[in-house]
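So the chains spell out like this:
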Amino acid sequence: TPLTKEQEAQNKADVANSEEFKAQEAIKKSKWNTAMTNARTAFGKGEYDKSIEYYNEALSYYKTDKVYSGLFLVYGAQNNIDKARIAIDTAIKLNPTYTDYWKWKLSLLDEKTSVSFADLKRIYEEGLSKVDPQTKINLVTHFAGVTERNWQKAEAIALWEYAKQLYPQNNS
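Read on for a plain summary of the structure. In this text, all values refer to a predicted model and were calculated from it rather than measured experimentally.

**Points about the overall build of the protein**
1) Next: Assigned secondary structure in the protein consists of 8 helices and 0 strands.
2) Next: Each helix and strand of the protein, placed in order from N terminus to C terminus, yields the pattern α-α-α-α-α-α-α-α.
3) Next: Seen through its C-alpha atoms, the protein measures out along the principal axes to roughly 80 × 45 × 25 Å.
4) Next: Counting only residues that meet the buried cut, the protein has 32% of its 172 residues in that class.
5) Next: Considering only intrachain contacts with a sequence separation of at least 6, the fraction spanning at least 24 residues in the protein is 49%.
6) Next: Working note: accessible area of the protein is about 10,800 Å², and carbon and sulfur atoms make up 51% of it.
7) Next: Within the protein, one finds 24 positive and 23 negative side-chain charges whose respective centroids are separated by 2 Å.

Rendered as structure tokens:
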């Protein structure tokens, strides 16, 4: 059945709106990419405040784990532990399967705070239940090192044994 003039007009309007939305999204994505590039460049130059400004600009376009992980690195470089922790927690909330975020959080807490080993272990266990199974070995071996540095020898040995089970082709 042929379309009415109103239906044809609505279809044209829908197409125009869709094309406008796509154009706006492309601009937004381009601005986000530019802000991220600028943030990384400023960070590389040691211009931390400028880097934070660019990361915050990127957040105005898209709130992604990549932006928050960048903020984590900047705040860590500034030794702003509280803000670094908030940033990595947000990155984890947005992408809990990314193993490196859990490793970074464990390292931050172990090296820069007085968090107990029991708390570190709880964070590790939470991460272990969420990370990508293909990269789980990386979290296990990282936490084995944390465990060794915290003088938990028996637990460290158990973690290394578990790592061997996860990745038997690399027993060494």
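**Some details on helix H8 (residues 153–166)**
1) Next: Compared with the 20 Å implied by 1.5 Å per residue over 14 residues, the 20 Å span of H8 between its first and last C-alpha is a close match.
2) Next: Every buried residue of H8 is listed here: Ala156, Leu159 and Ala163. Buried residues in H8, looked at end-on, bunch into an arc of 60°, giving them a common side. In H8, the exposed residues that point more than 90 degrees away from the buried face are Ala154, Ile157 and Gln165.
3) Next: Those residues of H8 that are buried lie in contact with helix H6 (117–130) and helix H7 (136–149).

**With respect to the packing of aromatic side chains**
1) Next: Evaluation of the coordinates by the stated rule reveals 7 aromatic pairs.
2) Next: Pairing Trp32 with Tyr62 gives two aromatic rings, centres 6.3 Å apart and planes at 80°, and the pair type is edge-to-face. In this pair, Trp32 is assigned in helix H1 (residues 5–44) and Tyr62 in the loop between helix H2 (48–61) and helix H3 (65–77), connecting sequence segments 30 residues apart.
3) Next: Here Tyr101 and Trp104 contribute two aromatic rings whose centre-to-centre distance is 5.6 Å and whose plane-to-plane angle is 55°, an arrangement assigned as tilted. Residue Tyr101 and its partner Trp104 are both found in helix H5 (residues 99–112); the two are separated by 3 residues, about one turn of the helix.
4) Next: Take Trp104: its relative accessible area is 27%, and that puts it in the partly exposed class.
5) Next: Among the aromatic residues, ring-to-ring pairing joins Phe72, Tyr98, Tyr101 and Trp104 into one connected group.
6) Next: Here Lys28 stacks its cationic end above the ring of Tyr62, 4.8 Å away from the centre of that ring.
7) Next: The ring of Tyr62 has Lys29 sitting right over it, with the charged end atom 5.9 Å from the ring centre.

**A short note on the packing of H6 against H8**
1) Next: Relative orientation of the contacting elements H6 and H8 amounts to 15°, with a least axis distance of 14 Å. Between H6 and H8, the angle is such that the two are roughly parallel. Handedness of the crossing formed by H6 with H8: left-handed. On H8, the residues that touch Phe117, Lys121, Tyr124 and Leu128 of H6 are Glu155, Leu159 and Tyr162.
2) Next: Class assignment for the residues of the contact of H6 with H8 results in 5 nonpolar, no polar and 2 charged.

**Thoughts on the side chain of Thr99**
1) Next: Mapped onto the elements of the fold, Thr99 is located in helix H5.
2) Next: In terms of polar contacts, Thr99 uses its side chain to reach the side chain of Thr135, at 2.5 Å.

**Quick notes on the side chain of Lys105**
1) Next: Residue placement: Lys105 occurs in helix H5.
2) Next: For Lys105, a relative accessible area of 10% puts it in the buried group.
3) Next: Side-chain polar atoms of Lys105 contact the side chain of Asp89, separated by 2.7 Å.
4) Next: In this structure, Lys105 is in contact with Ile88, Asp89, Ile92 and Ile123, ignoring residues within four places of it in sequence.

Cut-offs and rules
- Residues numbered from 1 in each chain as written.
- Predicted model: local features only at pLDDT ≥ 70, side-chain atom pairs only at ≥ 80, totals over all residues.
- Heavy atoms only, no water.
- Helix = DSSP H or I, 4+ residues; strand = E, 2+ residues; numbered from the N terminus.
- Buried < 20%, exposed > 50% of the residue type's maximum accessible area, 1.4 Å probe, protein only.
- Contact = heavy atoms within 4.5 Å.
- Areas by Shrake-Rupley, 256 points an atom, 1.4 Å probe, with all protein chains shown as cover.
- Lys, Arg positive; Asp, Glu negative; His and termini not counted.
- Charge placed at Lys NZ, Arg CZ, Asp CG, Glu CD.
- Expected span 1.5 Å × (residues − 1).
- Arc of directions from axis to C-beta.
- Phe/Tyr/Trp six-rings, centres within 6.5 Å; stacked < 30°, edge-to-face > 60°.
- Lys NZ or Arg CZ within 6 Å of the ring centre and 35° of its normal.
- Axes fitted to C-alpha atoms, helices over the stretch in contact; angles between N-to-C directions.
- Parallel < 35°, antiparallel > 145°, perpendicular 65-115°, else oblique.
- Left-handed = near helix turned anticlockwise from the far one by under 90°.
- Nonpolar A, V, L, I, M, F, W, Y, C, P; charged D, E, K, R; others polar.
- Polar contact = N/O pair within 3.5 Å; in protein donor to acceptor, adjacent residues only side chain to side chain.

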